[in-house]
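This is what each chain is made of:
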Amino acid sequence: MVKSCDEVVNVQKLKKNSVTQWDSAQLNNMTYNMYYSRLKNIAINNFEWINLPDTVNERFFELTLFEYGHALFFYDELLGYMALPANLIGLNVYNEPTSYMAFSTNYNKTYSTENAQIVWNNYMHEPSSYIIQAYAQRLYEVERTIDVNIKGQKTPILILADEQQRLTLKNLYMQYDGNEPFIFGNKSLDMSQFSVLKTDAPFVADKLLNYKHALWNECMTYLGLSNSNTDKKERLVEAEATSNVEQIEASRQVMLNARQEACEKINKMFGLNISVQFRVKEVMEIGEIYNPDQDDSRSGIQNI
C-alpha cells in the first residue's frame, strides 16, 4: 500500500524526533558505555609484548587476560603459536589447573601442563573487567548527576497541571528545553489551569566534577598510570606525592609480574625469547606529578 504525502511527512517527523530528542535511559547507557570503553581501551593497551610469534594476536591476548583473568599459550601444528581463552580443568596442590580446554571461534582443543602454559592477568588470577565495570558505573553516575544538576540551573521548575493539559505543556517544555528563543501558544491555552513552582536546585556540579576527577585518578592508579590523585594542588605535599608514586608502581607490578613470570615459563617450554614490559616505561617523578609552574597537561592531572 502506497502512503500519502502527509503520512510520509509524519513518519519523517517521528524519525527526526526520535533522533534529536534524547531519551534519558539511552543517554544513561551511552554514558556508561563511553566510560567503560575508554577505561577498557587503556587497560588492554598497557602492556607491550616483545618477540611474540606472528601468529599470536597481541590485542586478543590482552583482551583475553582482561576478560577472563588468564589466557593459554600453546603451539598448534596447523595454526602455530596461539594465545586463546581456556577453561581450566583439575587442580594440583597449589590450586593451579592441571589441564586446559582452549577455545575460540571454530576452535576447541585440550592441552596439558606439558604442552601449554597458562598466563595469568595477576597473582589473584582474576580478570580486570569487573573492576573497570565498577569504575565505569561510578563515573557514569557522577557524570549524569552533573548533567541533571546543570539542567536544574536552567529549568529549576515543577509544573502542576490537569491531565488534560499534560501533552500541551510537555510540548511547550520541549521547546523551552530545546533552547527555542520564542515559545508560541494559541488562544486556547488557559494559563490559569497550570502553575509553575521553582525548585531552586543548588549548583554542586563543580564539587561533583572534582569527585569525578578523583574517581578517574583512582582508576588510573589501579591501572598503574601516573596521575595527581588530587585536584587540590596547593595541598599536595611531597609525602603525599611519594605515596601516590609508590601506589602506582605497586599497581603496575601486580599485573606486570604475572606476565613476566609467564614469559619465563613460555620461553623455557618452547625455546622462545618473549618478554613483556609496561608501555609507559617509568612512573612520573614527584616533581613531574606536581610542579606549580606547569599546566595540568604536564603535571600528571588527566582532564576527562
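Everything discussed here concerns the structure shown above.
Below is a summary of the structure that appears in this document. (Residues numbered from 1 in each chain as written. Predicted model: local features only at pLDDT ≥ 70, side-chain atom pairs only at ≥ 80, totals over all residues. Heavy atoms only, no water.)

## Quick look at the pattern of salt bridges
Part 1: Across all of its chains, the model carries eight salt bridges by this definition.
Part 2: The partner of K265 in a salt bridge is E261, and the shortest N-O contact between them spans 3.4 Å. Taken together, the residues span about one helical turn, with K265 and E261 both in helix 7 (residues 238-270) at a distance of four residues.
Part 3: Look at K265 and you get partly exposed, because its relative accessible area is 37%. (Salt bridge = Lys/Arg side-chain N within 4 Å of Asp/Glu carboxyl O. Helix = DSSP H or I, 4+ residues; strand = E, 2+ residues; numbered from the N terminus. Buried < 20%, exposed > 50% of the residue type's maximum accessible area, 1.4 Å probe, protein only.)

## Details of the pairing of strand 3 (residues 80-84)
Part 1: Burial of strand 3 is extensive: five of the five residues sit out of reach of the surface.
Part 2: Hairpin connection of strand 2 (residues 70-76) to strand 3: three residues between the antiparallel strands. (Pairing = 2+ DSSP bridges.)

## Focus on helix 4 (residues 129-154)
Part 1: The terminal C-alpha atoms of helix 4, which comprises 26 residues, lie 37 Å apart, in line with the 38 Å expected from a rise of 1.5 Å per residue.
Part 2: Within the sequence span of helix 4, burial applies to S129, I132, Y135, A136, L139, Y140, V142, E143, R144, I146, N149 and G152.
Part 3: In this structure, the buried side of helix 4 is in contact with helix 2 (24-44), helix 3 (58-68) and helix 6 (205-222). (Expected span 1.5 Å × (residues − 1). Contact = heavy atoms within 4.5 Å.)

## Quick word on the environment of Y211
Part 1: Tracing the backbone shows Y211 in helix 6.
Part 2: Along the primary structure Y211 and L139 are separated by 72 residues, whereas in three dimensions their C-alpha atoms are 9.2 Å apart.
Part 3: Setting aside its immediate chain neighbours within four residues, Y211 contacts R138 and V142.

## Considering the sheet that holds strand 5 (residues 97-104)
Part 1: What the three strands build is an open sheet, ordered 4-5-6; its pairing is antiparallel. The sheet is open, and its two edges are formed by strand 4 (86-91) and strand 6 (107-112), each paired on a single side. With direction set aside, neighbouring strand axes in the sheet form an average angle of 15 degrees.
Part 2: Bridge count for strand 4 against strand 5 is five bridges, and the pairing is antiparallel. Bridging across to strand 5, N87 finds its partner in M101. (Axes fitted to C-alpha atoms, helices over the stretch in contact; angles between N-to-C directions.)

## Some remarks on the environment of I274
Part 1: Relative to the helices and strands, I274 resides in the loop between helix 7 and strand 10 (275-278).
Part 2: In this structure I274 comes out as buried when scored by relative accessible area, which is 3%.
Part 3: For I274 and N51, which are 223 residues apart along the polypeptide, the C-alpha to C-alpha distance reads 5.0 Å.
Part 4: In this structure I274 touches W49, I50, N51, L52, P53, F73, C263, I266 and N267, once residues within four positions along its chain are discounted.

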